[in-house]
Amino acid sequence: MTTISGPVYVLGDNIDTDQIIPAEYLNLVPTIPDEYKKLGSYALVGLPLKPGDQPFVMPGETTTAFKILVAGKNFGCGSSREHAPIALGAAGAEAVVAESFARIFFRNCVATGELYPVETPARLVDGFRTGDEAVLDLEASTITNRRTGAVHELRPLGDAGPVIAAGGLFAYARKTGMIAAPAEA
Amino acid sequence: MSGMTMTEKILARAAGKAAVEPGDNVWVKADVLMTHDVCGPGTIGIFKREFGKNARVWDRDGVVLIPDHYIFTKDEKAHRNVDILREFAGEQGLPHLYDVGTPRYKGVCHIALAEEGHTRPGEVLFGTDSHTCTAGAFNEFATGIGNTDAAFVMGTGKLLIKVPPTMRFVFDGELPPYVLAKDLILQIIGDIGVDGGTYRAMEFAGDAVMRLTMEERMTLANMVIEGGGKNGIIACDDTTREYVKARTRKPFTEVTNDAGARFFVDRRYDARKLEPVVAKPHSPDNRALARELETVKLTRAYIGSCTGGKITDFVNAARILKGRRVAVDTFLVPSTTEVSTGLRTHTIDGRPLLDIFKDAGCQISIDASCAACLGGPRDTFGRINGPEVCISTTNRNFPGRMGSKEGQVYLASPYTVAASAVTGHITDPRELLQ
């Protein structure tokens, strides 16, 4: 799967991990399936909303309608909590397109395989509105805004892409023979 | 080949290579893996899923478990999470569990690691917490990682690391008596921005830095992550050796910058010209001078956390609060049980800190933990549950960081927080320091 199509959710600069998943929900353990789902229902609940702003996950829902996030600089700054990419992934998001990422968040996206963190050389947050339909082509490294018709070049994911596609660090390492299958659990 | 920086030398040694350069991807051996109650259970879950239920950790002595985040709460899941750490330590025979409800309980992991001798020059420390960079004060490579990477380290003792270029920040001269390490790091973050150190090591140097106590150096390294940095690092000297040797008998190998070491940035500050600074809501790089913010009225003050809850931080706060009363609700949370004890044993003019704070009208928790620095469960001591305006010695002022999204958090040094608690508005501590 090299394209992701769907509505986008637009965010600003420095979206930190407390906004992505507030600390009060860090009592949830991502490897416990029920709690993984719950983390998704709280994705971006820490984001301050202005009147009329649509929440990322609608009240009462456990998943989001938005498959792609479009953000500014330094997305995912703050904590090393892996709960952050997991919450977005568990909610149903598949990619974040941002001008830059905080280092640990980027690494956690790849390690978990939850989310494609794609860098854009141009600032896209003004060219997209929340709800715009977009097509993210990971092979061509472009994102197309279907409302405006604009096609934007993105930075290639490089070696991170196949790791995420495989389902994260361990799945990739096993698939490529870097590590053996686990002892039977 | 030119020389290497301290960070490069530690990573080269841990990778078994003669030399590395910034940008190299190398497999490094971990000396210590630290995890806590918030990320430990998930890490353990991945470890078991990936390595098998009968898997053993790579080195029992290398794994340090420090529950510290959600301890003094009625939240059942929080207690369940500590139980997971406890069971894992039992099953694996791990000697370094600082368990809740026992005399070994410590509190905030980054301070506990240092106090218990787990921070040693020349080593590689990974932790499932972004403020793991604190330990860079001890001349080691220390960085925060996620659960998946931590599970990998747990099983293999190794991690793939990209060697970061080093940004060096040199503070020449003597610091004014009213300027603390927190002012230095907020100054730097204000200059480089919250992403200015992304993918980079941040080194702190100069005579002003080398005159700082270990705890003040930890404050510097602690907030490297707020500048986006990968790790902080400081040279080793007698101050470092004395602190480490008092807490561990393990041998260690110090590192120094080579003569030809190259720096991505080499920025110099005249320490004598620095002033108390504050980071305004809602970003740690939103810097202003404390004296420029005197019109900001406060409803609350908070002293605690890995950044500002060490015994030095409380001594500094007490210097200002002694003989005075706070004008706003002022919450004090010791980072560790050692600090908690220190509130009784450290004195100013013969008066214990605890009594100074009680006389001043502060609300003091004797329970050491991360507490309200990151909000936490609703019943967390000092948590912001409404439109409070808080000045705090902690590390982050993102929206909702200390609880409610309606809250506003100003970050400052223990001097500035204590002075502001007395007046009820943001106050330059020069006015109150005798």
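Residues numbered from 1 in each chain as written. Chains lettered and ligands numbered in written order. Predicted model: local features only at pLDDT ≥ 70, side-chain atom pairs only at ≥ 80, totals over all residues.

### Some thoughts on the overall build of chain B
In terms of helices and strands, chain B carries 14 helices and 20 strands. Relative to the 2.2 N^0.38 estimate, which gives 22 Å for 434 residues, the radius of gyration of chain B is 21 Å and therefore close to what a compact globule would have. Seen through its principal axes, chain B has C-alpha atoms that stretch 55 × 50 × 40 Å. Across the 434 residues of chain B, 61% fall into the buried class. (Helix = DSSP H or I, 4+ residues; strand = E, 2+ residues; numbered from the N terminus. Rg over C-alpha atoms; globule rule 2.2 N^0.38 Å. Buried ≥ 20, exposed ≤ 12 C-beta atoms within 10 Å, placed from the backbone.)

### Quick word on the overall build of chain A
Counting its secondary structure elements, chain A contains 6 helices and 7 strands. Reading the secondary structure of chain A in the N-to-C direction produces β-α-α-β-α-β-α-β-β-β-β-α-α. The long-range fraction of contacts in chain A, counting pairs at least 24 apart against all pairs at least 6 apart in sequence, stands at 67%. (Contact = placed C-beta atoms within 7 Å.)

### Examining the sheet that holds strand 5 (residues 133-137) of chain A
All names here are of chain A. What the 7 strands build is an open sheet, ordered 4-3-2-1-5-6-7; its pairing is mixed. At either end of the open sheet lies a strand with only one pairing partner, and these are strand 4 (116-119) and strand 7 (151-153). Strand-to-strand twist in this sheet, taken as the mean axis angle between neighbours without regard to direction, amounts to 30°. The pairing of strand 1 (residues 3-10) with strand 5 spans 5 bridges and is classified as antiparallel. Across the sheet, Gly6 pairs through a bridge with Ala134, a residue of strand 5. (Pairing = 2+ DSSP bridges. Axes fitted to C-alpha atoms, helices over the stretch in contact; angles between N-to-C directions.)

### What about the nonpolar core?
What tends to happen in soluble globular proteins is that the nonpolar side chains get buried as a cluster. Core analysis: the biggest nonpolar cluster contains 205 residues, and Ala43, Leu69, Ala87 and Val97 of chain A together with Leu11, Ala301 and Phe357 of chain B have the highest contact counts within it. Top contributing element to this core by residue count: helix 6 (residues 181-192) of chain B, with 7 residues. Looking at which domains feed residues into this core, each of domain 1 (6-269) and domain 2 (277-431) of chain B supplies at least three. Those residues in contact with Phe357 of chain B that sit more than four places away from it in its chain are Ala318, Leu321, Leu332, Cys362 and Ile364 of chain B. (Core = buried A, V, L, I, M, F, W, Y, C linked by C-beta atoms within 7 Å. Domains from an automatic or database assignment.)

### Quick word on the packing of helix 2 (residues 40-51) of chain B against helix 5 (residues 147-156) of chain B
Residues and elements named next belong to chain B. For the pair helix 2 and helix 5, interaxial distance at closest approach is 8 Å and the crossing angle is 55°. With respect to their mutual orientation, helix 2 and helix 5 come out oblique. Between helix 2 and helix 5 lies a crossing whose hand is right-handed. On the side of helix 2, the interface is formed by Gly42, Thr43, Ile46, Phe47, Glu50 and Phe51, while helix 5 contributes Asn147, Thr148, Ala150, Ala151, Met154 and Gly155. (Parallel < 35°, antiparallel > 145°, perpendicular 65-115°, else oblique. Left-handed = near helix turned anticlockwise from the far one by under 90°.)

### Digging into the packing of helix 11 (residues 311-321) of chain B against helix 13 (residues 353-360) of chain B
All names here are of chain B. The N-to-C vectors of helix 11 and helix 13 enclose an angle of 45°; their axes lie 10 Å apart at closest approach. Put simply, helix 11 runs oblique to helix 13. At the point where helix 11 passes helix 13, the crossing takes the left-handed sense. Residue-level contacts link Phe314, Val315, Ala318 and Leu321 of helix 11 to Leu353, Ile356, Phe357 and Ala360 of helix 13.

### A word on the sheet that holds strand 8 (residues 166-172) of chain B
One key point about sheets: their strands pair by backbone hydrogen bonds, in either a parallel or an antiparallel sense. All names here are of chain B. As summarised here, the arrangement of the 4 strands in space is 10-9-8-11, forming an open sheet in which the pairing is parallel. Each end of this open sheet is capped by a strand with a single partner; those strands are strand 10 (231-234) and strand 11 (265-270). Ignoring which end each strand starts from, the neighbouring axes of this sheet average 20° apart. Note: strand 8 against strand 9 (residues 201-205), 5 bridges, orientation parallel. Each residue of the ladder has a partner; that of Met167, found in strand 9, is Met202.

### Observations concerning the interface of chain B and chain A
Listed per partner, the contact involves 47 residues of chain B and 38 residues of chain A. Elements supplying a minimum of two residues to the side of chain B that touches chain A: helix 2, helix 3 (76-92) and helix 5 of chain B. The element that contributes the greatest number of residues to the side of chain B that touches chain A is helix 2 of chain B, accounting for 8 residues. Within the side of chain B that touches chain A, the residues separate by chemical class into 16 nonpolar, 17 polar and 14 charged. (Nonpolar A, V, L, I, M, F, W, Y, C, P; charged D, E, K, R; others polar.)

### A look at the domain arrangement of chain B
By a frequent convention, interface size equals the accessible area lost on bringing the separate parts together. All names here are of chain B. Domain boundaries in chain B define domain 1 (6-269) and domain 2 (277-431). Domain 1 and domain 2 are separated by 24 Å when their C-alpha centres are compared. Opposite the 36 residues of domain 1 that make contact, domain 2 presents 37 residues. Taken together, the elements giving at least two residues each to the side of domain 1 that touches domain 2 come down to helix 4 (109-115), helix 6 and helix 8 (214-222). The element that contributes the greatest number of residues to the side of domain 1 that touches domain 2 is helix 6, accounting for 6 residues.

### What to know about helix 4 (residues 103-112) of chain A
Residues and elements named next belong to chain A. Of all 10 residues in helix 4, 10 are buried; the element is thus mostly enclosed. Within the sequence span of helix 4, burial applies to Arg103, Ile104, Phe105, Phe106, Arg107, Asn108, Cys109, Val110, Ala111 and Thr112. Note on helix 4: the residue one or two positions beyond its end, Gly113, has a positive phi of about 70°.

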